[in-house]
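# A look at the structure
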Amino acid sequence: MAEAVFVVSAVIILAGAIGVVASRNPVHAALFLVQTLVGVAVLFVLNDAHFLAAVQVVVYAGAIVILFLFVIMLLGVDKAEELRIEPIFGQRPLAAVVGAALAAVLGAVVITGADVLTGLRRAGGERSLDGDATDIERMGRVLFGEFAFAVEITAALLTVAVVGAVVLTRRASRSDASETAGAAP
Amino acid sequence: MDLAGLAVGWYLALSVALFAIGGAGLLVRRNPLVMFMCVELMLNAVNVAFVALGAGLNDVGGQVAVFFVLVVAATEVVIGLALVVAINRRRSGATADDVSLLKG
Amino acid sequence: MIEAAWLICAFPLAGFAVLLALGRRLGEPRAGWLATAAMAGSFVTSVAVFFSLMGRDPAERRFVVTLFEWIPAGDFSVDAGLLVDPLSVTMALFVTGVGALIHLYAIGYMHGDGDFSKFFVYLNLFAFSMLVLVLGDSLALTFLGWEGVGVCSYLLISFWFTDEANATAGKKAFITNRVGDWGFMLAMFWAFGALGSVRYLDLFGQAGSLSSTTATAIVILLFVGAAGKSAQLPLHIWLPDAMAGPTPVSALIHAATMVTAGVYLMVRVNPLIAVADAWAPDVIAWVGVATALFAAGAAMAQNDIKKVLAYSTISQLGYMMLAVGTGAYVAAIFHMVTHAFFKALLFLGSGSVIHALDGDQDMRRYGALRAAMPVTAVTFIVGWLAIAGVPPFAGFWSKDEILAYAWDASPALWLVGIVTAVLTAFYMSRLVFMTFYGEARHSSDAHPHEPSRLMTAPLVMLAAAAVVAGGLNLPFTKDLHFMGAWLEPSLFGNEAHLGLGGGAQWLLALVSMAGAAIGIAGAAAVYLQHRLPASRVELPAAARAFYVDEAWTRFVGGPGRRAFEGVAAFDANVVDGAVDGVGRSVRAGGAVLRRVQSGFVRSYALLTAAGAVALLVWFLVRTSF
């Protein structure tokens, strides 16, 4: 059963990924991205990470992809991109080579490391996945116990990101614009 | 634990494939929005690996890592899209190749 | 009171600072009086320090007054501290004492000069540097003073720099001294490398652990430095030219104080000389005595009154080096002190004469000045008798002690020394006879006159000192050997022991008295009674100082110049080439690498990915094989 679910999800995920890369229209790319993200969410469920699966669907497939689509619509860049032209000389063959090499090398890492990885360490105590606690409960304990400081830092990061986004997208006021114009030679 | 029969290796193989596709897309596509989507693909590849390894090692740490990756991905998208908006405001329809003034 | 030793240096420094800021506003003569007051304050402090040192047990007469941490650099640290011991206090006493008198004299001598205040700025700076030199508690601090006096010497030699010759003389002195400084610096580095310190007390305490080869090398290199500063062969060439400076400068710097710095340095490092191979002091002694003889010969035929005195100074410095080389450190310092008195006196006297004759320095146009300037004549004659070695004047006692030690070390050294003594008596008598006796040869519109009281007062005081200074160190009994007992703590028992009996000493003294008499009588025969034409004794080779200058010029202009040009070419091509090559290759590399910065973010991403692949491959290779 699990194998079947994994195979179906993997096919959906990879198809979606290829769709993202290959579709000429960014709107289509965004929709293919949703496909991949939902596939990943299924794999999370398969690994008993129910909370993450929910977050994946709600935040990623929901909020972030909606944000992408929103920007696409706002800027009107939903025109089809000409994929047959490559302005940078040698970029595409090199990208293929590097991508293949990346896959090959990482595959080699997985193959050589697989024996070492399995059963290497069985975490005990709070971080163990055994027992009756739900995954949300376990994550909560670890996040606000062991990783409390990292959570605080993340909070600061989010705040900075919000402020940064506001500053970056703020339209220069009239006086600023005239100053900039005056300063320009 | 219904994945008992499924080796972590398969998840990792999927993760590698997804990561490579995302990386190649990042190198090939010119639309900055699609490039960001490719980055999301790569991040998701890593997330799959994290969750699978966490399950294999019986450690909730994998899921915690994914949680942080999600947060960082969200911030990255926010900033990235803000940059795209700011660039497009000056120059409509700009691709990543058009923003190349900062060269040696 | 000993803790106040820093005041000795502080007075001239304060004088220098005030004069530098306000000198022009103070003007003449107040600037001169201020400088003289600073020197007098320094002298009074020295006297006070001297007496408080006297009040202590001889074994405890050595103090280090640490002022501040001067050069802290890792393990290497040099404190600015003053070493107050009998040797340095002796030096400080006569430097400040003679210095104060010469300052006083200069107020009169520099009267009417446009740069009156500047002259005293330099003089005070010189005094400060000289006192740092003698009081410094480490080779580094002494070197600071060493360079300071060198700079002041340069500035003062070319004080009237509008005349090309004066500026050239200053440069010559400066550059010649660089050769000596090279030796000093190498010695300092070597000492630090061997013992890890440049403080005198550390060096002396650990001198026993030095290998004799190292000690010899350090001593010889220090002697190179001393030879430069104290005008020993063959680095003496700058001193005769240095007479281009104003006469008070010649008296203070180029006779009494600065040129004795080399002798002081060699006496100071006597524990190192004691460890060195036996040939090192022999070298010092022979260079010294050769310099003495050579310079006395050159002085025989000079017509410029200051040149005679300059060569005479070189000759007397040679005596001092002879004393150092034979281990007669007390005699060296003793002669240094007496020489400071009578040579300063002679220079100041010659300054009065030059002043009276409107700047004319040629003795052939002097004569019969005794009547016109009696005070100058009488004091000058005292100085003459002192340097000629006529008892009971100061020079007799100090020179005789040196000669006694020279005889003890090697009769050959003594023989050269006694010949030099005869020549000394001859050329000094010649100077006196040509200047103050005989018929007047100056032009009729010159009206020689006695200078002002300001200038004659120092003459009288120095003359008195030149008469009685011999009493500092009388040879008759051990109790009268005041200076020997006083300097004992600074010499660490390295003073040579005179093996002569009383009779032999009397005999040597009689011989040197006879030598002085022969010299004076010979000069009287030639220059007073004209039994022999002067041209028979004034050899042309001596007049040209035996062509040493010419030899240097030939060497530096010929093979030396080619060698230096070779070094310069090496520097320009190899050293600069290497430096430029690094820059050029970086630029060429940058020109190639800048193409990588295409501005295309996707190219950067490609390179990043390639880098990631490379890293992964490296990790794989490392873990798998």
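Further up the page is the structure itself.
Here we summarise the structure given alongside this text. The numbering scheme is per chain: residues are counted from 1 as the chain's sequence reads. A letter from A marks each chain and a number from 1 marks each ligand, given out in the order of writing. Reporting in this predicted model follows two pLDDT cut-offs: at least 70 for local features of residues, and 80 or more for side-chain atom pairs to be given and counted; totals over whole chains, interfaces and linings ignore these cut-offs and use all residues. Excluding hydrogens and water, the side-chain values take into account all heavy atoms of the structure.

### Focus on the interface of chain B and chain C
Stated formally: We call two residues in contact when some of their heavy atoms are within 4.5 Å. Buried area: the accessible area, evaluated with a 1.4 Å probe, that two parts lose upon being put together, summed over both parts. Salt-bridge detection follows one rule: a side-chain nitrogen of Lys or Arg within 4 Å of a carboxyl oxygen of Asp or Glu. Think of it this way: any DSSP run of H or I at least four residues long counts as a helix, any run of E at least two long counts as a strand, and we number them from the N terminus. For this scheme, ten residues count as nonpolar: Ala, Val, Leu, Ile, Met, Phe, Trp, Tyr, Cys and Pro. Four count as charged, namely Asp, Glu, Lys and Arg, and the remainder, Gly too, count as polar.
The interface of chain B with chain C comprises 13 residues on the first partner and ten residues on the second. Both sides of the chain B and chain C interface together cover about 930 Å² of buried area, and 57% of this is carbon and sulfur. For the interface between chain B and chain C, the tally reads zero salt bridges. For the side of chain B that touches chain C, the element with the most residues is helix H1 (residues 8-28) of chain B, which contributes three residues. Looking at side-chain class alone, the side of chain B that touches chain C contains seven nonpolar, two polar and four charged residues.

### Looking at the interface of chain B and chain A
So the rule is basically this: N or O atoms closer than or at 3.5 Å make up a polar contact, with two conditions inside protein: a donor-capable atom paired with an acceptor-capable one, and, for residues adjacent in sequence, both atoms drawn from side chains.
If you look at the interface, chain B gives 68 residues, while chain A gives 83 residues. Counting each side, the surface lost to burial between chain B and chain A is near 6,900 Å², with a carbon and sulfur contribution of 74%. When the buried surface of chain B facing chain A is broken down by residue, Arg29(B), Met37(B) and Asn58(B) rank first, second and third, together holding 10% of it. Connecting chain B to chain A are seven residue pairs in polar contact (both at pLDDT 80 or more). For the side of chain B that touches chain A, the secondary-structure elements that each account for two or more residues are H1, helix H2 (32-56) and helix H3 (61-90) of chain B. Sorting elements by how many residues they give to the side of chain B that touches chain A places H3(B) first, with 23 residues.

### Re helix H14 (residues 305-325) of chain C
Residue and element names in this part refer to chain C. What counts here: Take the number of residues in a helix, subtract one, and multiply by 1.5 Å to get its expected span. Accessibility here uses a 1.4 Å probe with only protein chains present; expressed as a share of the type maximum, an area under 20% marks a residue as buried, one over 50% as exposed, and anything in between as partly exposed.
The end-to-end C-alpha separation of H14 is 30 Å, in line with the 30 Å expected for 21 residues at 1.5 Å each. The element H14 is extensively covered by neighbouring structure, given that 20 of its 21 residues are classed as buried. Positioned one or two residues after H14, Gly327 has a phi angle of 80°, which is positive.

### Some remarks on helix H1 (residues 6-26) of chain C
Residues and elements named next belong to chain C. Short version of the rule: Here the bend at a residue is taken as the angle between two axes, fitted respectively to the seven residues that end there and the seven that start there.
Most pronounced at Leu20, the bend in H1 amounts to some 55°. Those residues of H1 not exposed but buried are Ile8, Cys9, Pro12, Gly15, Phe16, Leu19 and Gly23. Looking one or two places after H1, you find Gly27, whose phi comes out positive at around 70°.

### Looking at the nonpolar core
Residue and element names in this part refer to chain C. Rules: Residues belong to a common nonpolar core when they are buried Ala, Val, Leu, Ile, Met, Phe, Trp, Tyr or Cys residues joined through side-chain atoms within 4.5 Å.
Counting 207 residues, the largest nonpolar core has Val84, Leu139 and Met266 as the members making the most contacts within it. In terms of residue count, the dominant contributor to this core is helix H15 (residues 329-356) (19 residues). If we ignore the near neighbours within four places in the chain, the residues touching Met266 are Val219, Leu222, Phe223, Ala226, Ile273, Ile284, Met321, Val324 and Tyr329.

### Describing unusual backbone geometry
Residues and elements named next belong to chain C. Residue Pro234 is bonded to the preceding Leu233 through a cis peptide linkage, with omega at -5°. Looking at the secondary structure, you find Pro234 in the loop between helix H8 (212-229) and helix H9 (238-241). Omega for the bond connecting Pro391 with Pro392 falls within 30 degrees of zero, at 5°, which places this linkage in the cis form. Its location among the elements puts Pro392 in the loop between helix H16 (374-388) and helix H17 (394-409). Positive phi outside glycine occurs at Phe492, with the angle close to 50°. Mapped onto the elements of the fold, Phe492 is located in the loop between helix H20 (482-491) and helix H21 (502-528).

### Remarks on the packing of helix H23 (residues 548-557) of chain C against helix H24 (residues 559-593) of chain C
All names here are of chain C. Cut-off, in case you're wondering: Structural elements are reduced to axes, namely lines fitted to C-alpha atoms, with helices fitted over the stretch in contact, and the angle between N-to-C directions of any two is expressed from 0 to 180 degrees.
At their nearest, the axes of H23 and H24 sit 3 Å apart, and the two run at 35° to each other. Across the interface between the two elements, Arg554, Phe555, Val556 and Gly557 of H23 pack against Pro559, Gly560 and Arg561 of H24. Partitioning the contact of H23 with H24 into residue classes produces three nonpolar, two polar and two charged.

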